Amino acid sequence: MNDAQGKGAGGDALARFVGVDKSYDGQTLAVRGLTLDVAKGEFLTLLGPSGSGKTTTLNMLAGFERPTRGTILLAGRPVDRLPPYQRNIGMVFQNYALFPHMTVADNVAFPLSVRGVAKGEIAQRVKRALATVQLEAFAGRRPTQLSGGQQQRIALARALVFEPSLVLMDEPLGALDKKLREQMQIEIKLLHERLGLTVVYVTHDQSEALTMSDRVAIFHDGEVEQLGQPDELYDRPRTPFVAGFIGENNLMVGTVASLAGGLARVMLAGGIEVMATPAGALAPGAQTVIAVRPEAIHIAASAGGENTMPAIVRSRIYLGDHQRLLTEISNRLVIRVKVPAATHAAQDAPILLSWPAADCLAFPSAGLADVTLNEEWTRS
Amino acid sequence: MTETAAARDPTLAAAVRRATRGQRLAAAGLVAPLVLLLVCSLCLPIASLLGRAFYDPTMADGLPRTAAALAVDTGATVPGDAAFAALGADLAADLKDDTVFRVAQYLNTILPGSRSHVLRAARGARADAPYTRESLLAADPFWGEPDTWFIIRSGVKPFTSTYLLAAIDLQWLPTGGIGPVPPGQGIYRLIFLRTFLIAAAVTAITLVLGFPLAWLLATLPGTVASRLIMLVLLPFWTSILVRTAAWTVLLQKFGLLNDLLLWLGVTSGRMEFMYNRTGLLIAMTHIQLPFTLLPIYSVMRTIDPSQMRAAYSLGARPVSAFLRVYLPQVMPGVMGGCLLTFILCLGYFITPALVGGTADQLISNFISDYINVDLNWPMAASLSFILLGATLTLSLLFARLVGGGRVRIF
Ligand SMILES: Nc1ncnc2c1ncn2[C@@H]1O[C@H](COP(=O)(O)OP(=O)(O)OP(=O)(O)O)[C@@H](O)[C@H]1O
Ligand SMILES: [Mg+2]
C-alpha cells in the first residue's frame, strides 16, 4: 500500500493479513479481501462504524475465528492452525472479561500461572504489573468491587503481564464516561511508548483513533477503505465515506464540468460553480462528491474570490474558543462553517462564504453508501 | 471511604430508614400473604405431624387412673393390686366411651397380638369387684408379663422417645437404658442408608448426563436453546405415575428395550430391568434430570463467552481454562442442581413402589405405609423426623462447606 508509510513501512511486520475473507453464514462477507500489515511497535487502530468487521478482524488475529479464505501470518509464520492459547497475544475485551471468582492479583497472575512460572516470580511480576497501572492497593479485591476504569486497568495489566508480542484491544474504553476515557487514552498511549508494545486497537470513536494511533485503518462494510496516518486520513481522504467519517465535512453532490490545471470545475445543484481538487480519477460529465471542512471556510469581505458565494446565517452556536454557523447558500443547502469566536454574524444576516480550491476535494462518487450529504435548510 | 464514614453517622442511617419506611411497608405487605400461606400450609402441619413423633397422649388419656397408680408403684415392672384395680376401672370406662380400641391399637402395634387381651380385660372388668393382680393374672397371664407393663409404664407418659429410638433401630431396654432392637428387627438404619445412597447415585448420574447437555444448551443461540429446553421440560407435562408406567412398558421383561436388545443381538436372553435397582435408577434419573440440569443451565447462560476467550488468550489450554475459569463460575449452579435433586430423591415413594424391587423400597415408602396402611402415625412422624433432621444436617453441612452464597437454584 502506498500510504503505508511511517512506522507501518518496512519488512518487520509482526502480523500480516493476506487476502483474508471471513463469512459467518456462507452468504455475506463480514470481512472482505483484507490485506494488512501490523508493524512491530506500532499503534494500529481499526476504525469503522458498527458491523464493519473490526471485531471479526481482531478475533481472527487472536485465533477465536478462522479466516474463510486467505492467510494470517504472525512473525512470518502462518497461524491458521495455531490455537489462541499458543499465539502469545494479549487481549483486552470490551467488557474486560475479568474473572469474577478470582481476586485482582489472581486475575493478573493467571497468564503466568498457566505458563508454569515459579510462584515467587509470579508474585513479583504481578506486583510490578499492578504498579504499572497504579492499582497495587487493590490486589486483594474482587473485580466487581472496582470501578469501571479500575477494571479496565486490571484488564490491561493482565493482558500485559506475560509480555505478549502483540496486544489487541476491542473498544476497551467503550464503557467509560468521557472524562475517564480521555484519561485512559493517555495512559494506554504512555504504556505503549514506555513498554514498546505493538497494539491493534479497535474503536468506532474517530477522535480516539486520531489521538492515539500511529496508523488508522478505516473499515467500511468489511473492507479497509483507507489505511494511513491520522493527519493523512484527515487531510487526504480517498473516498467520500472517509471524508465524512473522519472529522466533519460538508459533502455535496455535483457534476464535473471540466478539468484544467489540476483542478476540477464542479457544478452543484442550483447552478453553483465550485473549483475543487480531484481526489481520484474524474471525467467531465461524471457525478462527483465534493468535500470541504467547516474550518476551511471563511467569511469573505468582497465577492469575486475563489469559491466565493453568498449565504444567509441561519443558526449560530457559540463554543467558547470558536463558533459554528449553519448557513444557507442559494441552492438551499446548509453549509457548516467554523469561524473565530469574535466574528460577528447576526441571525439571518447575508454573508459571503469562501474557501480555497486546494481545501475542497472532489471524489468520484462511486460509493455513496453510509455517506451523509449536506441537507437542504428546512424552516421550522 | 465515604461508605464507612456514612455507616458511622447514626443520623444519616436513621434518615435513610425513615425515607425508606414506605418501601419497606409495601414490601412487607406484598410478602405477607406468602408468609401466611407458608405458615398455614407448610410449617404448622409439618410441626404438628412431627410432634407426634415424641408426643402421644393415647395411653395417658385412655388410662388416667392407671397412670396415677403407676406413678407411685415403682417397685417392680409388674405393679401391685392398686394399679390392676385402676386398669380395670380405666378399661371399663374406655369401653363405655368407645375409646378402648385406641389403647388396644397402641399396645398392638408394639406387642402384636395384644389387642384381644386388652379387649377381653375391658369386657371382664366389674365395678363391684375390682381387678387384683391375682384375679387378672388368673384370667389372662398376659398381664403378668414384664413386657406388657413396661410398655404401659412408658406409654402413659405422653412424651415418649420410643418411636424416635425405634426409627433408628434403638429401644428402651426393660432392664433400663437404651440398646439396639433385637437382631432381625432393626431395618431402618439400612433403609436410611439405602435411601441416601440411591439419592446420591441418582444425583451423580443426572449430573454426568445433565452437565454436558446444559453446556450445549447454554452455547446454542437463544431461540434454539429455548426450544430444546422445552424438550427437557417435557417430562413435567405428564404425571409421575404416567411416566413411571411408561418405563414399565419399556423396561419390563417382554418390553421394548428387551425386544430391541434381542433383535440387535446384544443380549441372548431377556434381561431384568424392572423391579430392581437398575429400573429404579433409570426411572428416577429420568424424572430428576431437569431438576439438576436447569440450575446449571441458568448459571451457564450468565457466563459471558468472552470469559473462555480471555482464558485462552491468556495462554490457558482448554482443560485448564475449563477447570480454572468455567467450572468455578458454574459451581453454584452445579451445587444448587445437585442439592435439589438429592433432597427430592429422599422423598421418592411412588417410583420405588412401581419399578423397584423389594430391596429398593426407600424410607418414604415406609413412612407412606405407616400413614396409609398401618395407621401408625407416631412411627411415620418419627421416620419423617429423622429424615428431615438428616437432610437439614446434610444441607447445612453442605452449605457450610461450599459457602451458602455459592449455591444457586435459578
Ligand atoms: N458470531 C457471528 N455470527 C454471525 N455473524 C456475525 C458474528 N459476529 C459478527 N457477525 C457479523 O459480521 C459483521 C461484522 O461484525 P463485527 O462484530 O466484526 O463488527 P464490528 O465492526 O466489530 O462492529 P461493532 O463496532 O458494532 O462492534 C456484522 O454484520 C455481524 O452481524
Ligand atoms: Mg465489535
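Criteria and cut-off values
Residues numbered from 1 in each chain as written. Chains lettered and ligands numbered in written order. Predicted model: local features only at pLDDT ≥ 70, side-chain atom pairs only at ≥ 80, totals over all residues. Heavy atoms only, no water. Salt bridge = Lys/Arg side-chain N within 4 Å of Asp/Glu carboxyl O. Helix = DSSP H or I, 4+ residues; strand = E, 2+ residues; numbered from the N terminus. Buried < 20%, exposed > 50% of the residue type's maximum accessible area, 1.4 Å probe, protein only. Near = heavy atom within 4 Å. Polar contact = N/O pair within 3.5 Å; in protein donor to acceptor, adjacent residues only side chain to side chain. Areas by Shrake-Rupley, 256 points an atom, 1.4 Å probe, with all protein chains shown as cover. Domains from an automatic or database assignment. Core = buried A, V, L, I, M, F, W, Y, C linked by side-chain atoms within 4.5 Å. Contact = heavy atoms within 4.5 Å. Pairing = 2+ DSSP bridges. Buried area = accessible area lost by both parts, 1.4 Å probe.

Comments concerning the pattern of salt bridges
This structure, assessed with the given rule, holds 20 salt bridges over all chains. For the salt bridge of Asp-21 of chain A with Arg-69 of chain A, the shortest nitrogen-to-oxygen distance reads 3.0 Å. Of this pair, Asp-21 of chain A sits in strand E1 (residues 13-22) while Arg-69 of chain A sits in strand E4 (residues 69-74), placing them 48 residues apart in sequence. Residue class for Asp-21 of chain A comes out buried when judged on its relative accessible area of 11%. Taken together, the salt bridges that share partners define one network made up of Lys-22 and Glu-65 of chain A together with Arg-309 of chain B.

Some remarks on the site of ligand 1
Residue and element names in this part refer to chain A. By nearness alone, every residue bordering ligand 1 is listed as Tyr-24, Ala-30, Pro-49, Ser-50, Gly-51, Ser-52, Gly-53, Lys-54, Thr-55, Thr-56, Glu-171 and His-204. For ligand 1, an oxygen atom lies 2.5 Å from a polar atom in the side chain of Thr-55. Residue Thr-56 places a side-chain N or O atom 2.4 Å away from an oxygen atom belonging to ligand 1. In isolation ligand 1 offers 630 Å² of accessible surface; the protein chains occlude 57% of this area.

With respect to the domain arrangement of chain B
Each assigned domain of chain B is listed with its residue range as follows: domain 1 (3-51), domain 2 (58-160) and domain 3 (188-406). Here the C-alpha centre of domain 3 of chain B lies 50 Å away from the C-alpha centre of domain 2 of chain B.

What about the nonpolar core?
Side chains of a nonpolar character, in soluble globular proteins, are inclined to be buried together. Of all hydrophobic cores here, the largest spans 92 residues; its most connected members are Leu-46, Leu-61, Leu-166 and Leu-168 of chain A. Aside from chain neighbours lying at most four places away, what touches Leu-61 of chain A is Ala-15, Phe-17, Ile-72, Leu-74, Arg-87, Ile-89, Leu-166, Leu-168 and Val-200 of chain A. Formed by 59 residues, the second largest nonpolar core is a distinct cluster that contains Ala-69, Val-100, Tyr-163 and Leu-280 of chain B.

What about unusual backbone geometry?
Residue and element names in this part refer to chain A. Not every positive phi belongs to a glycine, and Gln-134 is a case in point at roughly 60°. If you trace the backbone, Gln-134 turns up in the loop between helix H3 (119-132) and helix H4 (148-160). Assessed through its relative accessible area of 53%, Gln-134 is described here as exposed. The backbone of Arg-332 sits at a positive phi, close to 75°, despite the residue not being glycine. Relative to the helices and strands, Arg-332 resides in the loop between strand E17 (322-329) and strand E18 (334-340). The class for Arg-332 is partly exposed, based on a relative accessible area of 37%.

Side note on the pairing of strand E9 (residues 215-220) of chain A
All names here are of chain A. A large share of E9 lies buried, amounting to six of its six residues. Because side chains alternate across E9, one face comprises the buried residues Arg-215, Ala-217 and Phe-219, and the other comprises Val-216, Ile-218 and His-220, equally buried. The pairing of strand E3 (residues 43-47) with E9 spans four bridges and is parallel. Bridge pairing links Leu-46 to Ala-217 in E9. Where E9 meets strand E10 (residues 223-228), five bridges bridge the pair, whose relative direction is antiparallel. Counted as the bridge partner of Ile-218 is Gln-226 from E10. Once E9 ends, the chain turns through two residues before running back antiparallel as E10, passing Asp-221 with a positive phi of about 60°.

Details of the interface of chain B and chain A
Accessible area lost during the coming together of the parts is what is often quoted as the interface size. Each partner contributes residues to the interface: chain B has 18 residues there, and chain A has 24 residues. In this assembly, chain B packs against chain A so that about 1800 Å² is buried in total across both faces, 60% of it on carbon and sulfur atoms. The largest share of the area that chain B buries against chain A comes from Arg-309, Leu-314 and Arg-324 of chain B, three residues that together contribute 38% of it. One can count one salt bridge joining chain B with chain A. The salt bridge involving Arg-309 of chain B is made with Glu-65 of chain A; its shortest N-O contact spans 3.4 Å. For the pair chain B and chain A, the number of links is seven residue pairs in polar contact (both at pLDDT 80 or more). Mapped onto the side of chain B that touches chain A, the elements with two or more residues apiece are helix H17 (305-313) and helix H18 (318-346) of chain B.

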